[in-house]
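Examining the three-dimensional arrangement
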Amino acid sequence: MSFKVFLSRSATITLLCLSALQPALSQDTLTVNLQEFIEKGISASGQVAYERGATDLAENHVDMAKAQRLLPNINLNSQHGVVPGVISQVPGLSEGQYYLDPNLENDWEDWAVFTRAELNAVQPIYTWGAINSAVKAAEEGAKAAEFQFEAVNAEAEFQLFELYYSYLLAIEITRILDDANSQLEKVEETLQEMREEGNSDFEEADIFKLDIFKTEFQTQRVEVQQSLDFVKRMWNYALQSAQGVTYVPEEQFLDPLPYVIEEYSFYENSAVQSRSELRGVEAGIEALKSSVDATKAQQYPLLFLGINGSFAHTPNRPRQTNPFIINNTNYASAGVGFGIRQNLNFQSLRNRVERTEIEYQRVNDLHKAVTDGIVLETNEKYREAVIADSKLNQTEEALKIARNWVRNEQLNYDLGFGDVENLLDAVQKELELRLNVKQNTFDVNKKVAALYKASGISVLQLYTNE
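Attention here is on the structure that accompanies the text. On a predicted model such as this, the values are computed, not experimentally measured, just so you know.

Some remarks on the side chain of serine 310
Tracing the backbone through its elements, the reader meets serine 310 in strand 5 (residues 302-313). Given the relative accessible area of 9%, serine 310 is considered buried. In this structure the side chain of serine 310 is engaged in a polar contact, spanning 2.5 Å, whose partner is the side chain of tyrosine 331. Beyond its immediate sequence surroundings of up to four residues, serine 310 is in contact with Ala117, Glu118, Tyr331, Ala332 and Ser333.

Written out as structure tokens, the structure is:
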């Protein structure tokens, strides 16, 4: 197996859209299973948090649309200041009739606080369904945002799934290389004994071959150790581990997850019915359909109820008794009435309707495009899962043969007529196949998880099947 391939495959998990890295010093070690790891990783994910905010905004938009049903326009304004009083020189003229004095004067020695408040409100009575359509469009938009959040969440689950099993793969490869190192030490001891005993079957070239193999082997061990360290750092990155806390997987062995690959039609049907991306587009279609209705309704007159109230009070400015005369510093008035509002820019209205209809058609076309993409993706993931399953089975069979080969070569050495080159070839092939089995186990788990994700099935279902 190529360890560079292992490194490059593991490196892909760095594309996780998670929060900023915080260094951690390993003091307390906590174990987590796959489900706990994914839950912790998602709770620390910046991308998931960002999409969750988008759903909150969509819900807020729904609340704003519903708020248009009751008094969507209500304002209260007030003014305050100081003004002089008034004085009349007409004998016997009451304060309520000061408007009759053409020579009424300001009294600059009499100041008082002026207060005025005005309340205006508009209540829609009939909008041709514009408000209800706008509310429905907002609700469907909120559903679309929720489906988008679920899609991002599913992608994060898959990436964390891959990261979890990358740790197990690194542990297994380290363990295999430790076992292989023990085998090499035994071979070296045997060769040294043959050299010391002057065995006629011993050749000095065997020592050189073993030394070359050990050198290449040590290089591989360094690569694997670096891969393990890399995965550990990525775990801290994903889980946002607190300082002094290190997480490790609860399992210590990488085994195939329990799965049964069904017929392709099962996964395609599941994808078409369950994929969040497709559900989101369908919600978007409904949202734009309602938006078209709301835009069309704006072409017609709006019937509304208007409410107006105004009050002003200034102690040194007397209220006038004539209903046709209003002292704007001391009065009270209220009014309720019906009104009609019509936008007369019909060309602009038609353009808005046309634009909304074009958007509606585009999202219908998007539904077909997304469906095509999902079917192609599911087909590809199914092919990869079947191939990975077959590779694992064949590699396990080859490993059984390689182990028999190693035992046979070791037995020949014990009997004194073994060949060092054959033994090294057998040990190398067994090592390679052991590594391939674990790599293929990782691949089949990953490929089946990718098939589940493409089919709209949570990858955690693989874990709960155990």
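On we go.
Focus on the pattern of salt bridges
Two side chains bearing opposite charge may form a pair once their charged atoms approach each other closely. Throughout the structure, instances matching the rule amount to 19 salt bridges. Residue arginine 403 is joined to glutamate 430 by a salt bridge in which the shortest nitrogen-to-oxygen separation is 3.8 Å. Of this pair, arginine 403 sits in helix 8 (residues 346-415) while glutamate 430 sits in helix 9 (residues 420-454), and the two are 27 residues apart along the sequence. Residue classification places arginine 403 among the partly exposed residues on the basis of a relative accessible area of 35%. Overall, glutamate 430 belongs to the buried group, its relative accessible area being 7%. Three or more residues are tied together by salt bridges with common partners; here these are Glu172, Arg175 and Lys438.

What to know about the packing of aromatic side chains
This model, assessed by the stated rule, comprises 12 aromatic pairs. Residues phenylalanine 37 and tyrosine 164 carry aromatic rings whose centres are separated by 5.6 Å and whose planes lie at 50° to one another, so their mutual orientation is tilted. Linking phenylalanine 37 in helix 2 (residues 34-43) with tyrosine 164 in helix 4 (residues 130-197), this pair joins segments that are 127 residues apart in sequence. Accessibility expressed as a relative area gives 0% for tyrosine 164, which makes it buried. Summarising the aromatic geometry, the rings of tyrosine 164 and tyrosine 165 are spaced 5.4 Å apart at their centres and angled 75° between planes, so their arrangement reads as edge-to-face.

Parameters at a glance
Numbers given to residues run from 1 along each chain, matching the order in which its sequence is written. Only residues with pLDDT of at least 70 get local features here, since the model is predicted, and only at 80 or more are side-chain atom pairs given and counted; chain-wide, interface and lining totals rely on the full set of residues. To get the side-chain values, take all heavy atoms of the structure and skip hydrogens and water. Going along the chain from the N terminus, every DSSP run of H or I of four or more residues is numbered as a helix, and every run of E of two or more is numbered as a strand. Buried residues are those whose accessible area, probed at 1.4 Å on protein chains only, stays under 20% of the maximum for their type, while exposed residues exceed 50% and partly exposed ones sit between those limits. By the criterion applied in these results, polar contacts are pairs of N or O atoms within 3.5 Å in which, for protein atoms, one can donate a hydrogen and the other can accept it, and in which residues neighboring in sequence qualify only through two side-chain atoms. Residue contacts are defined here by distance: any two heavy atoms, one from each residue, within 4.5 Å place the two residues in contact. We define a salt bridge as a contact between a side-chain nitrogen of Lys or Arg and a carboxyl oxygen of Asp or Glu at a distance within 4 Å. Aromatic rings from Phe, Tyr and Trp, taking only the six-membered ring of Trp, are treated as a pair when their centres fall within 6.5 Å; an angle between ring planes under 30 degrees marks them as stacked, one over 60 as edge-to-face, and anything in between as tilted.

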